[in-house]
Structure formats: structure tokens, C-alpha cells
Amino acid sequence: MMYPYMTLNDDTEITHSEMKPDGRVKVYIETPDLKDGFHNAVCWLPEYQWENINGYSESEMHYFKRLIKENVHLIIEFSREGGILNAAAI
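Below is a short write-up of the structure. (Residues numbered from 1 in each chain as written. Predicted model: local features only at pLDDT ≥ 70, side-chain atom pairs only at ≥ 80, totals over all residues. Heavy atoms only, no water.)

### A look at the overall build of the protein
- Across its full length, the protein holds two helices and five strands.
- Computed over C-alpha atoms, the radius of gyration of the protein comes to 13 Å, within 12% of the 12 Å expected from 2.2 N^0.38 for 90 residues, which places it in the range of a compact globule.
- Along the first, second and third principal axes, the C-alpha set of the protein runs to 40 × 30 × 20 Å.
- Classification of the 90 residues of the protein by burial places 38% in the buried group.
- For the protein, long-range pairs separated by at least 24 residues make up 28% of all intrachain contacts whose partners lie at least 6 apart in sequence.
- One way to put it: in the protein the 8 positive side-chain charges average out to a point 6 Å from where the 15 negative ones average out. (Helix = DSSP H or I, 4+ residues; strand = E, 2+ residues; numbered from the N terminus. Rg over C-alpha atoms; globule rule 2.2 N^0.38 Å. Buried < 20%, exposed > 50% of the residue type's maximum accessible area, 1.4 Å probe, protein only. Contact = heavy atoms within 4.5 Å. Lys, Arg positive; Asp, Glu negative; His and termini not counted. Charge placed at Lys NZ, Arg CZ, Asp CG, Glu CD.)

### Digging into the environment of H16
- Checked against the element boundaries, H16 lands in strand β2 (residues 13-17).
- In this structure, H16 is in contact with M1, M2, Y3, P4, Y5, V25, K26, V27, I75, F78, S79 and G83, ignoring residues within four places of it in sequence.

### Some details on helix α1 (residues 58-81)
- Helix length check: α1 (24 residues) gives 33 Å between terminal C-alpha atoms against 34 Å at 1.5 Å per residue, within 8%.
- Taken together, the buried positions of α1 are occupied by M61, F64, L67, I68, N71, V72, I75, I76, F78 and S79.
- Phi turns positive, to about 85°, at G82, one or two residues after α1. (Expected span 1.5 Å × (residues − 1).)

Just distances and angles here, no functional claims.
Here it is in C-alpha cells:
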């Protein structure tokens, strides 16, 4: 199951999985693109293991890597709670 986490001004969607039994959390980033359809990337936490990076420039990836590191504590917490809506009791 993937839970919504954040939508950026350029319609980039950041979602995350529930916490896996081994303590890992999958973060998926996807940006619509008129030419290519979508750009995307996957990051596994807590290792910050990046894979399946498609369409993003080095500067875009630098931004996403920093964004995930600055939000890792929230993403990990929400992954334990079943997403941000469950964590907020909405």
C-alpha cells in the first residue's frame, strides 16, 4: 500500500509505503511530463538507497535527496501509522 505524503507545485507526487517487516519504507516520487509521460524515482529508507531513477536531472535529484532527508522522520512515523491521514486521526 502506498500513502500520499506531499504534492509539489509542479504536480510532483511523493508517496510512501507502510513500514515493511524489515523496517524499510519505500518512497516513490513521480512528476508528470508532457514529452515523456512521467519522471520517477524510488528511495528506500532508512538506507537512502535510490533506484529506478528515470527522467530527472542531477539538480532535480539533488533537490529530492535533500527533501527526503529533511522529511525522513515524518515519513518513517507516518509509515508506522498507515499514512498521514491516519496519523492525524482524520
